[in-house]
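Each chain, written out:
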Amino acid sequence: GLIVRAHRLQCGDPGCGLIGGTVSTQGLVPVKLVRRIGEMPLSPRQAEVCMLISLGLDYNKIAEQLGISKQTAIAHSRWVYNKLDVHNRSELVNLLLYA
């Protein structure tokens, strides 16, 4: 999950009120991946399937996650691959993260 920590900064004046913070993630989706998928010409459902494919989920897990059948998950993934002109998961991830 997302971890946010705030702390008061030392500024020499007890009433200055400066606060610093750090944000880190544990297992969250890379922001770049989310942004790139948002830029793609995909329907909302195709974008969801694209994200789950990119995260390494198989069709059974995608179907379970989205409350659809495995065959519907496969159909959505085919549309994603066709629209983005990729042929497999590796090409999809390369397009999203490195293109």
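Rules of the game
- Residues numbered from 1 in each chain as written.
- Predicted model: local features only at pLDDT ≥ 70, side-chain atom pairs only at ≥ 80, totals over all residues.
- Heavy atoms only, no water.
- Core = buried A, V, L, I, M, F, W, Y, C linked by side-chain atoms within 4.5 Å.
- Buried < 20%, exposed > 50% of the residue type's maximum accessible area, 1.4 Å probe, protein only.
- Helix = DSSP H or I, 4+ residues; strand = E, 2+ residues; numbered from the N terminus.
- Contact = heavy atoms within 4.5 Å.
- Axes fitted to C-alpha atoms, helices over the stretch in contact; angles between N-to-C directions.
- Parallel < 35°, antiparallel > 145°, perpendicular 65-115°, else oblique.
- Left-handed = near helix turned anticlockwise from the far one by under 90°.
- Expected span 1.5 Å × (residues − 1).
- Arc of directions from axis to C-beta.

## Re the nonpolar core
Here comes step 1: Counting residues in each nonpolar core, the largest one holds 22 residues, and the members touching the most others are Ile37, Leu42, Cys50, Ile62, Leu84, Leu92 and Leu96.
Here comes step 2: Only helix 1 (31–39), helix 2 (44–54), helix 3 (59–66), helix 4 (70–84) and helix 5 (89–98) provide two or more residues apiece to this core.
Here comes step 3: A per-element tally of this core places helix 2 first, with 6 residues.
Here comes step 4: Ignoring anything within four residues of it in the chain, the contact list for Leu96 reads Lys32, Leu33, Arg36, Ile37, Met40, Cys50 and Ser54.

## Digging into unusual backbone geometry
Here comes step 1: Of note, Asp85 is a non-glycine position whose phi angle comes to about 55°, a positive value.
Here comes step 2: Mapped onto the elements of the fold, Asp85 is located in the loop between helix 4 and helix 5.
Here comes step 3: Owing to a relative accessible area of 61%, Asp85 belongs among the exposed residues under this scheme.

## Notes on the packing of helix 2 against helix 3
Here comes step 1: Between helix 2 and helix 3, the shortest axis-to-axis distance is 10 Å and the interhelical angle comes to 135°. With respect to helix 3, the element helix 2 is oriented oblique. Relative to helix 3, helix 2 is oriented so that their crossing is right-handed. Residues Arg45, Glu48, Val49, Leu52 and Ile53 of helix 2 lie in contact with helix 3, whose contacting residues are Ile62, Gln65 and Leu66.

## Digging into helix 4
Here comes step 1: Here helix 4 spans 21 Å end to end across 15 residues, near enough to the 21 Å set by a 1.5 Å rise per residue.
Here comes step 2: Within helix 4, the full set of buried residues consists of Ala73, Ile74, His76, Ser77, Val80, Tyr81 and Leu84. Seen along its axis, helix 4 keeps its buried residues to an arc of 165°; they face one direction. Helix 4 presents Gln71, Arg78, Trp79 and Asn82 as exposed residues on the side facing more than 90 degrees away from its buried surface.
Here comes step 3: Buried residues along helix 4 sit against helix 2, helix 3 and helix 5.

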